[in-house]
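Structure at a glance
Given next are the chains, with one letter for each unit.
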Amino acid sequence: MPRRPTSRPRRARVVAAAVIAACLTLLGACAGPAVPTSTSSEAPAPTAPPPSPTATGPDPSTVATAVDALLARRDAALASADAAAFAATVADPTTPEGRRQVASFRAARALRATGVAHDVVPPVDDPSAVDVTLRYRVAGVDRADRTATVRYAVQRAGSGWRVVSEAPTGADAAPPWLAMPGLAVRRGEHAVVAGTAGDEALRAAVATVDRALPPLRAVWSGTPRSTLVLVPDTAAEADALRGTPGPAVGAVAATTDGPTAADGLATGDRVVLDPDARRRLTATGRDVVLTHELVHVAVRASRPGTAPVWLAEGYADHVGYARAGLPHRTLAAPLLAAVRAGTAPTALPGAGDLDPGVTDIEVGYLASWQAAETVADLVGESGLRALVRACTGPGGEEAAQQRCDAAMPRVLGLDRAALTRRWQQRLAALAR
């Protein structure tokens, strides 16, 4: 029988645009409704009723059952590493679409995709465009199912059916093996890195995760032991991996994305590195970017909900920029130029200040970073983490701001207004 779709886990994305500004310029890269096919407005004559499904083609419910069985055979072949059985479900393995399917099989095996299953919902009205919910996990990193919508084109082959093509729809973050069928996988003690950007890029990402994740695990108790990092080489791959809507390629350095469980904790975030940014960044800049993202992975797996955006991004930059080995005046140069020009923000940045779809985010991210540095100067590393914990919880940005306003006097000994004054004084001193 066809499998009904399961409820989808909540999914959230964290965009790390903070590091793209300073890293690119300072770390050396530096740089209409559906209508019938007939146009007639006349009603059908009584003697010419609409044809039955069996007269025009296979019954849509029968097709759904057949597609369900077809995809179940593919899932079983993937689970058992039976390449021949998988190829037997492909309409023509010699065509570009057929070769892509076979490559995706190899990529899924290399990534150790487990629990792969498809939910086909009848009826299937168009065998050339069957949208199916795919469920899967990547062994060692996912603690719950991830889901994505995949479009299949199927056709009859003798007495059965075969797959002509499969592709992500763009509605969700695509499974890595469908977005990047040519991917390679490199593993470390704490990293699973997959991508098409070349061995050097993959190994560098492994090294960053293996260095950065253990210290985060020491201070954020829910931090996963291993994290998946995806390193696409093309804009099309990055778009598929991030889903829609997503930031334009090159607008941010990386994203962190993943579902959350009923308790609000992330169950398997993955980091997607932007291909354009990766090419422009230096090795140090790429390390900073990925470290920033791993902070989001750690916090989201340890605390349900969200913190105010200035604190969430500022804290991630606080940890990430510590790797840069450059003075704050150098890293914060665009922000300090704005201070001197009298155009710098005068309030702690809000969500709109850090949204690449709304504004130029460079100054907003640097301002958030310096606000987190102000907190660290006041109460130290443990105090900064305590503020992040106290300010993180359910609800959106407004709820997070209110929660943080209530927590600041207890954690910092200052209210928002006093913290803002300290932050402005810090910026003025750096801008001299």
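This part covers the overall build of the protein chain. If you tally the helices and strands in the protein chain, you get 16 helices and ten strands. Looking at the protein chain as shown, the accessible area adds up to about 18400 Å², and 54% of this sits on carbon and sulfur atoms.

Our next topic: empty space enclosed by the protein. Of the volumes computed, that of the largest cavity is approximately 120 Å³. Along the wall of the largest cavity there are 14 residues; nearest its centre are Arg74, Leu78, Phe86, Glu166 and Trp177. Sorting the residues of the lining of the largest cavity by element identifies helix 3 (60–79), helix 5 (96–111), strand 2 (113–119) and helix 6 (176–179) as the ones contributing at least two each. In this structure, the second largest cavity spans a volume of roughly 60 Å³.

This part covers the packing of helix 14 (residues 362–391) against helix 15 (residues 397–412). Contact pair helix 14 / helix 15: the axes reach a minimum separation of 10 Å and the direction vectors enclose 135°. Classified by the angle their axes make, helix 14 and helix 15 are oblique. Relative to helix 15, helix 14 is oriented so that their crossing is right-handed. Residue-level contacts link Val375, Val379, Gly383, Ala386, Leu387, Ala390 and Cys391 of helix 14 to Ala400, Arg403, Cys404, Ala407, Met408, Arg410, Val411 and Leu412 of helix 15. Looking at side-chain class alone, the contact of helix 14 with helix 15 contains twelve nonpolar, one polar and two charged residues.

This paragraph deals with the nonpolar core. Looking at soluble globular proteins, one finds that nonpolar side chains tend to be buried together. Val229, Trp310 and Leu387 are the most contacted members of the largest nonpolar core, which totals 65 residues. For this core, the leading source of residues is helix 14, giving eleven residues. When near neighbours in sequence (up to four residues on either side) are disregarded, tryptophan 310 contacts Leu348, Pro349, Ser368, Ala371, Ala372, Val375, Leu387, Gln401, Met408, Arg416 and Leu419. Core analysis: the second largest hydrophobic core is formed by 42 residues, Leu70, Leu178, Leu183 and Ala240 among them.

Here the residue pair proline 122 and proline 123 is connected by a cis peptide bond, since its omega of 0° sits within 30 degrees of zero. Here proline 123 shows up in the loop between strand 2 and strand 3 (130–138). Here the phi dihedral of alanine 81 falls at roughly 60°; this positive angle occurs in a residue that is not glycine. Positive phi outside glycine occurs at arginine 112, with the angle close to 65°. Given a relative accessible area of 48%, arginine 112 falls into the partly exposed group.

Strand pairing within a sheet occurs via backbone hydrogen bonds; the two strands may be parallel or antiparallel. Read across the open sheet, the four strands follow the order 2-3-4-5; overall the sheet is antiparallel. Each edge of the sheet is formed by a strand with only one pairing partner; in this case those strands are strand 2 and strand 5 (160–168). Each strand axis lies, on average, 35° off the axis of its neighbour in the sheet, ignoring direction. Strand direction decides the pairing type here: strand 4 (residues 146–157) and strand 5, joined by eight bridges, are antiparallel.

Moving on: the confidence of the model for the protein chain. Looking at the protein chain, pLDDT values average 88 and 86% of them are 70 or higher. Of the regions scoring below 50 in pLDDT, residues 28–55 engages in 17 contacts with residues more than four places distant in sequence or in other chains.

What follows concerns the pattern of salt bridges. Pairing between side chains of opposite charge can happen when their charged atoms approach one another. Under the counting rule described, the total for this entry stands at 18 salt bridges. Linking arginine 135 and aspartate 119 is a salt bridge whose minimum nitrogen-to-oxygen distance equals 2.8 Å. In this pair, arginine 135 is assigned in strand 3 and aspartate 119 in strand 2, connecting sequence segments 16 residues apart. For the pair arginine 135 and aspartate 119, a shared accessibility class is recorded, and that class is buried.

Turning our eyes to something else, we now look at the state of the cysteines. For the structure shown, the criterion picks out one disulfide. With a sulfur-sulfur separation of 2.0 Å, cysteine 391 is cross-linked through a disulfide to cysteine 404. Between cysteine 391 and cysteine 404 the sulfur-sulfur dihedral comes to about 70°; the bridge is accordingly right-handed. Of this pair, cysteine 391 sits in helix 14 while cysteine 404 sits in helix 15, placing them 13 residues apart in sequence. Under the relative-accessibility criterion, cysteine 391 is labelled buried at 0%.

Let us look at the environment of threonine 256. Among the structural elements, threonine 256 can be located in strand 9 (residues 254–260). For the pair formed by threonine 256 and arginine 300, sequence separation is 44 residues and the distance between their alpha carbons is 9.9 Å. A distance of 2.3 Å separates polar atoms of two side chains, one belonging to threonine 256 and the other to glutamate 293.

In this section: the pairing of strand 7 (residues 191–195). Of all five residues that make up strand 7, five are buried, and the element is covered over most of its length. Neither face of strand 7 is left uncovered, since the one carrying Ala191, Val193 and Gly195 and the one carrying Val192 and Ala194 both have all their residues buried. Note that strand 6 (residues 184–187) and strand 7 share four bridges and pair antiparallel. Looking at strand 7, one finds that arginine 187 is bridged to valine 192. Following strand 6, the chain reverses through three residues before pairing antiparallel with strand 7. Relative to strand 8 (residues 227–231), strand 7 is paired through five bridges, and the arrangement is parallel. Counterpart to valine 192 in the pairing with strand 8 is leucine 228.

Calculation notes
- Residues numbered from 1 in each chain as written.
- Predicted model: local features only at pLDDT ≥ 70, side-chain atom pairs only at ≥ 80, totals over all residues.
- Heavy atoms only, no water.
- Helix = DSSP H or I, 4+ residues; strand = E, 2+ residues; numbered from the N terminus.
- Areas by Shrake-Rupley, 256 points an atom, 1.4 Å probe, with all protein chains shown as cover.
- 1 Å grid on protein atoms, 1.4 Å probe; cavity = no way out; pocket = protein on both sides within 12 Å on 5 of 7 lines; lining within 4 Å.
- Points joined across faces, edges and corners; volume = space filled by probe spheres on them.
- Axes fitted to C-alpha atoms, helices over the stretch in contact; angles between N-to-C directions.
- Parallel < 35°, antiparallel > 145°, perpendicular 65-115°, else oblique.
- Left-handed = near helix turned anticlockwise from the far one by under 90°.
- Contact = heavy atoms within 4.5 Å.
- Nonpolar A, V, L, I, M, F, W, Y, C, P; charged D, E, K, R; others polar.
- Core = buried A, V, L, I, M, F, W, Y, C linked by side-chain atoms within 4.5 Å.
- Buried < 20%, exposed > 50% of the residue type's maximum accessible area, 1.4 Å probe, protein only.
- Pairing = 2+ DSSP bridges.
- pLDDT = per-residue confidence, 0-100.
- Salt bridge = Lys/Arg side-chain N within 4 Å of Asp/Glu carboxyl O.
- Disulfide = S-S within 2.5 Å.
- Polar contact = N/O pair within 3.5 Å; in protein donor to acceptor, adjacent residues only side chain to side chain.

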